Amino acid sequence: IAGKIGGRECGKFINKNWNGEIDRIIILEQKVTGIISGYRISAMLDELRQVVNFKDEQVFHLDVSYLAVSGKKLLEGKIKRMAAKRNVFLSFNEKSTSLIYPVIKNLPKTSKNILVGHNYNSRIGTLMNETDSPIIGCITYHPDLYGAQILNIIQNYFADKPIDQMNYTNHKWVPNI
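Bear in mind that the values here come from a model prediction, so they are computed numbers and not experimental data.

Peer 1: How would you summarise a nonpolar patch on the surface if you had to cite specific residues and measurements?
Peer 2: A contiguous nonpolar surface patch, about 440 Å² in accessible area, is contributed by Ile154, Tyr157, Phe158 and Ile163. Looking at the element boundaries, isoleucine 163 is found in the loop between α7 (147-158) and β6 (171-175). Look at isoleucine 163 and you get partly exposed, because its relative accessible area is 33%.

Peer 1: Kindly report on the sheet that holds strand β1 (residues 24-29), identifying the contributing residues and their values.
Peer 2: Strand order in this open sheet of 6 strands is β2-β1-β3-β4-β5-β6, and the pairing throughout is mixed. Each end of this open sheet is capped by a strand with a single partner; those strands are β2 (59-63) and β6. Averaged over all pairs of adjacent strands, the angle between strand axes in this sheet comes to 20 degrees, irrespective of strand direction. Judged from the 4 bridges that link them, strand β4 (residues 112-118) and strand β5 (residues 135-141) form a sheet pairing that is parallel. The residue of β5 that forms the bridge with histidine 118 is isoleucine 139. Sheet strands touched by helix α5 (residues 94-105): β1, β3 (86-90), β4 and β5. Its angle to β4, the strand with the most contacts, is close to 165 degrees. Most of the contacts of helix α6 (residues 122-129) go to β5, to which it runs at about 165 degrees, and overall it touches β5 and β6.

Peer 1: So what's going on with the pairing of β5? Which residues, and what values?
Peer 2: With 6 of 7 residues buried, β5 lies mostly within the body of the structure. Regarding topology, α6 serves as the crossover connection from β4 to the parallel β5, and that connection is right-handed. In the sheet, β5 pairs with β6 via 5 bridges, with the strands oriented antiparallel. From the neighbouring strand, cysteine 138 faces β6, where its bridge partner is valine 174.

The rules behind the values
- Within every chain, residues take consecutive numbers counted from 1 along the sequence as written.
- Side-chain atom pairs in this predicted model are given and counted only at pLDDT of 80 or more, local residue features only at pLDDT of at least 70, and totals for whole chains, interfaces and linings cover all residues.
- The side-chain values count all of the structure's non-hydrogen atoms but skip hydrogen atoms and water molecules.
- Patch members must show over 30% relative accessible area and no salt bridge, and they are joined within 9 Å when carrying like charges or within 5 Å when they are nonpolar side chains of Val, Leu, Ile, Met, Phe, Trp or Tyr.
- For the area figures, the Shrake-Rupley method with a 1.4 Å probe applies, and any residue is considered shielded solely by the protein chains shown.
- By definition, a salt bridge exists where a carboxyl oxygen of Asp or Glu is found within 4 Å of a side-chain nitrogen of Lys or Arg.
- Numbering of helices and strands runs from the N terminus; a helix is a DSSP stretch of H or I covering at least four residues, while a strand is a stretch of E covering at least two.
- Whether a residue is buried, partly exposed or exposed follows from its accessible area with a 1.4 Å probe, protein chains only, as a fraction of its type maximum: under 20%, in between, or over 50%, in that order.
- Two strands are said to pair when DSSP picks up at least two bridges between them.
- Angular values range over 0 to 180 degrees, each being the angle between N-to-C directions of two axes fitted as lines to C-alpha atoms, with helices fitted over their stretch in contact.
- We call two residues contacting when some pair of their heavy atoms lies within 4.5 Å.
- Call a crossover right-handed when, viewed with both strands pointing away from you, the route from the first strand across the helix to the second goes clockwise.

Quick look at the structure:
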């Protein structure tokens, strides 16, 4: 659900502000984070494809682990080589959004860049409030509101009862307005 929300909102922005045209989609990923982040990104990409036309050749994958290994300057160089006129960055969590944010801000002003984030928090809110922030919005959820649901899972676990593999949470789009 979270990825679908991000993809849909990203597509709306692109259609409204860029006449439905994009040059690059740069997917921020981290192989070690597991399948959940992969599902977020694939759902976001699938939903974006429903709203905006683009070719597979326009999609680039970037492992943000590269930042920790290679350093910020090498990552900036790699993104500058990838970037085009209109770039869409899709992030899978708060950390990847925060890591890539300064790199995007340092791209040449001749390019248009937007970033869709996941796991909104006050740190992302601060970045969204900066002048010329590339973050168009971020998906959030509130685990603190799932007390009864979490309690039910814990009770079932200790009672050796089956636990549903899908435990639903409510996701919400936080736009940068």
